[in-house]
Amino acid sequence: VVSLGSASESEWPRRLLPYPGGFLLQSVVPVKVGPLNTKGMLIGYTAVGKADASQLAKSLDIEVAFIYGAMVASASIETPDMLPNDGKFHVEEVNGAKYGMQYVVIIENDWEGQMGVMVMRSVKDATAVYRKLMTLFTLLMLAALLAGMFIAGHLAKGITKPLDAV
């Protein structure tokens, strides 16, 4: 029986290797013959480059960065070399604009640390709907106030006309 390592072997070595335009994620999986004998290793590579980040950003309509440790491996926009990777929501300035960002772990192991993706949205874009609604509600409030003043004026005239006649 020939098989790949079982799913319980979650600590297969993974490494991030630089290459022009991004990084290669190297994964090593043991190939087994029988229940006990490891006969070799299957090494696989996954390219992580700016094109991947840009494609993901386009499909999600947000900016993304692939993070290895705290180092930016590739990103859909120009970012600092290091971004926070603690899983908390952060607001950071990138290229003169503020971005809300959240880190999500993709891979984590004891040897190489973790790799994840940082999803980023411009604070200006994220608050655009809020600003539009605030403007709309302010205009509606002013219109209601003017209509209330007009109605109150007509009611006051209707009440005071009979009194003026006396």
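Residues numbered from 1 in each chain as written. Predicted model: local features only at pLDDT ≥ 70, side-chain atom pairs only at ≥ 80, totals over all residues. Heavy atoms only, no water.

Looking only at helices and strands, one finds three helices and nine strands in the protein chain. When the helices and strands of the protein chain are placed in sequence order, the string is β-β-β-β-α-β-β-β-β-β-α-α. Here the protein chain, with 166 residues, has 27% of them falling under the buried criterion. At a minimum sequence separation of 6, the contacts of the protein chain that also span at least 24 residues come to 37%. Entry remark: accessible area of the protein chain is about 11200 Å², with carbon and sulfur atoms responsible for 65%. (Helix = DSSP H or I, 4+ residues; strand = E, 2+ residues; numbered from the N terminus. Buried < 20%, exposed > 50% of the residue type's maximum accessible area, 1.4 Å probe, protein only. Contact = heavy atoms within 4.5 Å. Areas by Shrake-Rupley, 256 points an atom, 1.4 Å probe, with all protein chains shown as cover.)

Looking now at the nonpolar core. Here is a general trend for soluble globular proteins: nonpolar side chains tend to be buried in one another's company. Residues Ala65, Ile67, Val72, Ala75, Ile77, Leu83, Val94, Tyr99, Met101, Tyr103, Met118 and Met120 constitute the largest nonpolar core, which totals 12 residues. Mapped onto this core, the elements with two or more residues apiece are strand E5 (63-68), strand E6 (71-75), strand E8 (97-109) and strand E9 (113-122). The leading source of residues in this core is E8, at three residues. Contacts of Met118, omitting those with residues within four sequence positions, involve Glu63, Val64, Ala65, Ile67, Leu83, Pro84, Met101, Gln102 and Tyr103. Core analysis: the next-biggest nonpolar cluster, separate from the first, contains nine residues, Ile62, Val64, Phe66 and Tyr68 among them. (Core = buried A, V, L, I, M, F, W, Y, C linked by side-chain atoms within 4.5 Å.)

Chain-level statistics for the protein chain give a pLDDT mean of 76 and a share of 64% at 70 or above. Mean pLDDT across the secondary structure elements of the protein chain bottoms out at strand E1 (residues 2-4), with 40, and peaks at helix H3 (residues 128-165), with 90. With pLDDT under 50 throughout, residues 1-10 is counted as low confidence; its partners more than four residues away or in other chains account for 19 contacts. (pLDDT = per-residue confidence, 0-100.)

So, about a nonpolar patch on the surface. There is a patch of nonpolar side chains on the surface, built from Val129, Leu133, Leu136, Phe137 and Leu140 and spanning about 480 Å² of accessible area. Mapped onto the fold, Val129 is located in helix H3. Judged by relative accessible area, which is 56%, Val129 ranks as exposed. (Patch = residues over 30% accessible without salt bridge, like charges linked within 9 Å, V, L, I, M, F, W, Y side chains within 5 Å. Salt bridge = Lys/Arg side-chain N within 4 Å of Asp/Glu carboxyl O.)

Turning our eyes to something else, we now look at the side chain of Ser76. As for its placement among the helices and strands, Ser76 is situated in the loop between E6 and strand E7 (90-94). Among the residues examined, Ser76 registers a relative accessible area of 14% and is labelled buried. Side chain to side chain, Ser76 and Glu63 meet in a polar contact 2.6 Å long. (Polar contact = N/O pair within 3.5 Å; in protein donor to acceptor, adjacent residues only side chain to side chain.)

Despite not being glycine, Asn95 shows a phi value in the positive range, around 55 degrees. For Asn95, the position within the fold is in the loop between E7 and E8. For Asn95, a relative accessible area of 60% gives the class exposed.

Position of His90 relative to the elements: it lies in strand E7. Look at His90 and you get buried, because its relative accessible area is 19%. Those residues in contact with His90, other than ones at most four positions away along the chain, are Pro84, Tyr99, Gly100 and Met101.

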